[in-house]
Amino acid sequence: MVAATELLNALTQYGPVLVIVVVFLASLGTPLPATLVLLSAGALAAGADWSPGLLVLGATGAAVLGDQLGYALGRWGGQALIARLNHRQAVTVRLARAERLTRRWGVWIIFFSRWLLTPLGPLINLTSGLLHQRWSFFLTLDLCGELVWVSLYVGLGWFFGERAPALSAQVEQLAWLGLGGLVAAGLGAWLSRSMRLPASAQ
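All values derive from a computational prediction rather than experimental measurement.

J.: Help me out: how do you make sense of the overall build of the chain in this one?
T.: Secondary structure summary: the chain contains nine helices and zero strands in total. Secondary structure elements of the chain occur, N-terminal to C-terminal, as α-α-α-α-α-α-α-α-α. Within the chain, the fraction of its 202 residues that count as buried is 40%. In the chain, the share of contacts with a sequence separation of at least 24, taken over all contacts with a separation of at least 6, comes to 79%.

J.: Where do I start with the packing of helix α2 (residues 16–27) against helix α3 (residues 34–46) in this structure?
T.: Interhelical geometry of α2 versus α3 gives an angle of 155° and a closest axis separation of 9 Å. Between α2 and α3, the interaxial angle falls into the category roughly antiparallel. With respect to the hand of their crossing, α2 and α3 are arranged in left-handed fashion. Residues V19, V22, V23 and A26 of α2 pack against A34, V37, L38 and A41 of α3.

J.: Where do I start with the packing of aromatic side chains in this structure?
T.: Note on aromatic pairs: each is described by the distance of the centres and the angle between the planes. Using the criterion set out here, one finds five aromatic pairs in the structure. When the centroid spacing of 5.2 Å and the interplanar angle of 70° are considered together, the rings of F111 and F112 count as edge-to-face. Consider the rings of F112 and W115, whose centres lie 6.1 Å apart with planes at 45°: the pair is tilted. Residue F112 and its partner W115 are both found in helix α6 (residues 108–115); the two are separated by three residues, about one turn of the helix. Residue class for F112 comes out partly exposed when judged on its relative accessible area of 32%.

J.: Help me understand a nonpolar patch on the surface in this model?
T.: Residues V17, V21, L25, L28, L65 and L69 make up a contiguous nonpolar surface patch of about 500 Å² in total accessible area. Mapped by element, the contributors of at least two residues to the nonpolar patch are α2 and α4 (52–85). With three residues, α2 is the largest single contributor of residues to the nonpolar patch. One can find V17 in helix α2.

Conventions we followed
Residues numbered from 1 in each chain as written. Predicted model: local features only at pLDDT ≥ 70, side-chain atom pairs only at ≥ 80, totals over all residues. Heavy atoms only, no water. Helix = DSSP H or I, 4+ residues; strand = E, 2+ residues; numbered from the N terminus. Buried < 20%, exposed > 50% of the residue type's maximum accessible area, 1.4 Å probe, protein only. Contact = heavy atoms within 4.5 Å. Axes fitted to C-alpha atoms, helices over the stretch in contact; angles between N-to-C directions. Parallel < 35°, antiparallel > 145°, perpendicular 65-115°, else oblique. Left-handed = near helix turned anticlockwise from the far one by under 90°. Phe/Tyr/Trp six-rings, centres within 6.5 Å; stacked < 30°, edge-to-face > 60°. Patch = residues over 30% accessible without salt bridge, like charges linked within 9 Å, V, L, I, M, F, W, Y side chains within 5 Å. Areas by Shrake-Rupley, 256 points an atom, 1.4 Å probe, with all protein chains shown as cover. Salt bridge = Lys/Arg side-chain N within 4 Å of Asp/Glu carboxyl O.

That's the geometry; what it means functionally is another story.
Written out as structure tokens, the structure reads:
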């Protein structure tokens, strides 16, 4: 992974263009600290000549474009994609988990994996395509979710100013806590349904 300090130094030099590139690559699954970059970009925008509105629009567009490419790869790569990934056990295990979440939560996992469960985003893009989720639903929820994500963290960066980079660790922890909560909710629903089955069978 690219060192966060190196990215932040480059951010002051290349500005919003680098934000757009990082967000686009991260949406494809490249291990880049996109959330930290958005927070820092918001902080820099508060004291620079950057337009926060254009920053949000540009980063949202980049994220959506990367997500659509991931969806297309899953949709039209299909089983050939799975076959090429079979030798990478860690990737196939994560894809299998993402597929189970997609089957259980349907199209709503698309929205929540944009801003609440961001580590799952690139995998959900692939599995949505593999499962042939309707593209219009995918695009709509993807756009709404990415707009929430970008606006939230650029806004936090703007509000907290120089303290924004210090929020990065907490942001990552919240993302994984959100995933844990989602899994726990699914387990609770399954247990509740299982407990009702004997009664309905009588």
